[in-house]
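# Residue-level structural notes
These are the residues of each chain, in order.
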Amino acid sequence: MSELKFTPVIGIEIHIRLKTDTKIFCSCSTNTDVPPNTHICPVCMGLPGSLPRLNYQVVQQGMLAGMALNCTVQPKSLFFRKSYFYPDLPKGHQISQCDLPIVAGGFIEVHDENGNLKKIRVNHLHLEEDVGSLHHSASDGRLEGAAISFVDYNRSGMPLAEIVSEPDVSSAKEAVEYVTTLRRRVIYSGASEVELEKGMMRFDANVSMKCSDGRWGRKVEVKNMNSFHALEKAIEYEIKRQQKIMLQGGEVLQETRHWNDAKGITSASRVKEFYRKFIVEPDLPPLIITQEWIDKTKAMMPEMPDVRAKRFIAMGVPSEVADVLTDAKELADYFEDCVKAGAVAVRASHWVRTEVLRVLNEKNIKIQDFGITPKILAQLISKIDDGKLSTTQAKEVFDFMANNGANIDEAVKSCGITEGGITGDALTGILKTVMEANPDVIDEIKSGRDKKGKKLKFLQGLIMKETKGQAKPQDVINAINEALK
């Protein structure tokens, strides 16, 4: 009997908090840096007599996010009531577009196990409100064993976009590339800042296994993942768990499981439940989106990061560098502005990737707060190309400008650098001093015993050290050869 083979079948559900000033159905602020239960009102608390009112900005951001995922905006969508009972949902139902979404039919490209491009279809993106947040007194943050739990309703009513993929993902690696690519595209669109550390992006994974003998395992939903690492490890664990059950002839239960990051395992939470829904939210009319509104939103869409990376590569930028540059739109803008100011693309890309990012990380600042403008960096790079500064000198000048806010001329002067390098009589004088201090080295070079040129390189290194790197290496070699004659 041939060995059984298993193919993972995975669908990803992602919740992203949209970038708006107020909540989806009320005027409460979306600012989260406030004490618990201070940004709430009768609407987001679901008190009797309160009525929701759809936020125009949420619809706009939802369309932008959908367009970033190659989706099509639907001219008509509806809100429904998804009813369930839990302490973080005070009104007993969540308002959601779960059955008739605002956008549908998109895709994201990822690389499969063989490195080939593959499309992961996006079934739809729909708008909905977030629920409150529970805080448990147990040290591990779980409800089990907690002496008391607290509810903060500040998050209740926050605008969410839920993005549902088709079950096209075949591995944990594909899942991570899918969500990271999706995140970058949504950030570029301006629909959300998608800061994971602030809980703006949460993942659920629906995992099942297909066996080569024709058997299908039931779908398991894994929840409680808020990082790329957790998503990858949870899917890897669940694939192995389900495969082991099926190899032993058992049946995988259709259930909801939670990922425990500390233990590195999934644990059963509840048997998969089906929500009771009303046909439509009675307090909200159908959402009608005109073609004029769609066209206006399309005009707001920037170039997407993967498209931009391909354009950078066509400019001569290495692919791995292009990926780094396009990770954040502001960084890619900085690089392009540097090129527009006259810097050669390849050289500018390496300076931004290494020196600029190094300073940003050291100072823990964003590119918007960086003191060296693209124009100034382009001028610095041009001085290298023109032979006025060596790369070593340019880095010294760069660091001085980054730390002191000086311009190039001030930095060059403060660093004691001579533009164009040390040449002529100045270089000859340094050479003479070094040669007089190392007569044995000179004798060995003149005698012809320096077959491999080690003594010549040693002498060159001494002179470069005395010039503090301000002499060009070839100028030093030429001066040595002339002196030895």
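Let me begin by describing the structure that accompanies this report. Owing to the predicted nature of the structure, the values given are computational and were not obtained by experimental measurement. Once a new chain begins, its residue numbering starts again from 1 and follows that chain's sequence as written. Confidence filtering applies because this is a predicted model: local features only for residues at pLDDT of at least 70, side-chain atom pairs given and counted only at 80 or more, and all residues used for totals across whole chains, interfaces and linings. Just so you know, side-chain values use all the structure's heavy atoms and leave hydrogens and water out.

## Regarding the overall build of the protein chain
- The way it works is that DSSP assigns letters per residue, a run of H or I at least four long becomes a helix, a run of E at least two long becomes a strand, and they are numbered from the N terminus. Within the protein chain, the secondary structure is distributed over 15 helices and 16 strands.
- A simple rule labels every residue: compare its accessible area, found with a 1.4 Å probe on the protein chains alone, to the largest value its type can have, and call it buried under 20%, exposed over 50%, or partly exposed in between. Within the span of the protein chain, comprising 485 residues, buried residues form 46% of the whole.
- Throughout, a residue-residue contact means that at least one pair of heavy atoms, one from each residue, lies within 4.5 Å. Taking as baseline every contact in the protein chain between residues at least 6 positions apart, the subset at least 24 positions apart corresponds to 68%.
- Surface accessibility in these figures is a Shrake-Rupley result with a 1.4 Å probe; residues are shielded only by whichever protein chains are displayed. Surface exposure of the protein chain reaches about 24,700 Å², of which carbon and sulfur atoms provide 52%.

## A word on the packing of aromatic side chains
- Pairing of aromatic rings covers Phe, Tyr and Trp, the last counted by its six-membered ring, and requires centre-to-centre distances within 6.5 Å; plane angles under 30 degrees mean stacked, over 60 mean edge-to-face, and any other angle means tilted. Inspection of the entire model under this criterion finds eight aromatic pairs.
- Measuring from ring centre to ring centre gives 5.6 Å for Trp351 and Phe398, while their planes differ by 65 degrees; the resulting arrangement is edge-to-face. Here the residue Trp351 occupies a position in helix α8 (residues 345-363), and Phe398 occupies one in helix α10 (residues 391-404), the gap between them amounting to 47 residues. Here Trp351 matches Phe398 in class, with each residue buried.
- Through a chain of ring-to-ring contacts, the aromatic side chains of Tyr334, Trp351, Phe370 and Phe398 assemble into a single cluster.
- Consider the ring centre and the ring normal. A charge sits over the ring if Lys NZ or Arg CZ is within 6 Å of that centre and within 35 degrees of that normal. Over the face of the ring belonging to Phe107 we find Lys119, whose NZ or CZ atom lies 4.2 Å from the ring centre.

## Quick look at the layout of surface pockets
- Considering only enclosed or pocket space, the second largest pocket measures out at about 880 Å³ in volume.
- Broken down by secondary-structure element, the contributors of at least two residues to the lining of the second largest pocket are α2 (172-189), α7 (329-340) and α8.
- A total of four residues in the lining of the second largest pocket trace back to one element, the largest contributor, which is α2.
- The nonpolar class holds Ala, Val, Leu, Ile, Met, Phe, Trp, Tyr, Cys and Pro. Asp, Glu, Lys and Arg form the charged class, and all remaining residues, Gly among them, are polar. Per-class residue counts for the lining of the second largest pocket are 10 nonpolar, five polar and nine charged. Put simply, the grid is 1 Å and covers the protein atoms alone, a cavity is a trapped set of points that fit a 1.4 Å probe, a pocket is an open set with protein on both sides within 12 Å along at least five of seven lines, and lining residues have an atom within 4 Å of a point. Grid points are joined across faces, edges and corners, and a volume is the space filled by probe spheres set on the points.

## Side note on the pattern of salt bridges
- Think of a salt bridge as a Lys or Arg side-chain nitrogen and an Asp or Glu carboxyl oxygen that are within 4 Å of each other. Applying the stated criterion to the full structure yields 29 salt bridges.
- For Asp168, the salt bridge identified is with Arg121, shortest N-O distance 2.8 Å. Of this pair, Asp168 sits in the loop between β10 (159-165) and α2 while Arg121 sits in strand β7 (residues 117-129), and the two are 47 residues apart along the sequence.
- Note on Asp168: relative accessible area 16%, which makes it buried.
- Between Asp399 and Arg358 there is a salt bridge whose closest N-O contact spans 2.6 Å. Here Asp399 is found in helix α10, whereas its partner Arg358 is found in helix α8, with 41 residues between them in sequence.
- For Asp399, a relative accessible area of 26% corresponds to the partly exposed category.

## Side note on the nonpolar core
- Here, nonpolar core refers to any group of buried Ala, Val, Leu, Ile, Met, Phe, Trp, Tyr and Cys residues whose side-chain atoms link them within 4.5 Å. In this structure, Ile12, Ile14, Tyr178, Phe370, Leu377 and Leu380 are the most contacted members of the largest nonpolar core, which totals 109 residues.
- Sorting elements by how many residues they give to this core places α8 first, with eight residues.
- Once residues within four sequence positions are removed from consideration, Phe370 is found in contact with Tyr334, Val356, Val359, Leu360, Ile365, Phe398 and Ala402.
- If you look at the next biggest cluster of nonpolar residues, it comprises six residues, including Val434, Ile442, Ile445 and Leu459.

## What to know about helix α1 (residues 56-68)
- Multiplying one less than the number of residues by 1.5 Å gives the expected span of a helix. When the terminal C-alpha atoms of α1 are compared, their 19 Å separation across 13 residues agrees well with the 18 Å that a helix rising 1.5 Å per residue should span.
- For α1, a buried count of 11 out of 13 residues is recorded, marking the element as mostly surrounded by other parts of the structure.
- Along α1, the residues that are buried comprise Val58, Val59, Gln60, Gln61, Gly62, Met63, Leu64, Ala65, Gly66, Met67 and Ala68.
- We define a polar contact as two N or O atoms separated by no more than 3.5 Å, with the added condition that, inside protein, one atom must be a possible hydrogen donor and the other a possible acceptor, whereas residues neighbouring each other in sequence contribute only through side-chain atom pairs. Between a side-chain oxygen at the N-terminus of α1 and the backbone nitrogen of Gln57 the separation is 2.8 Å; the capping residue is Asn55.

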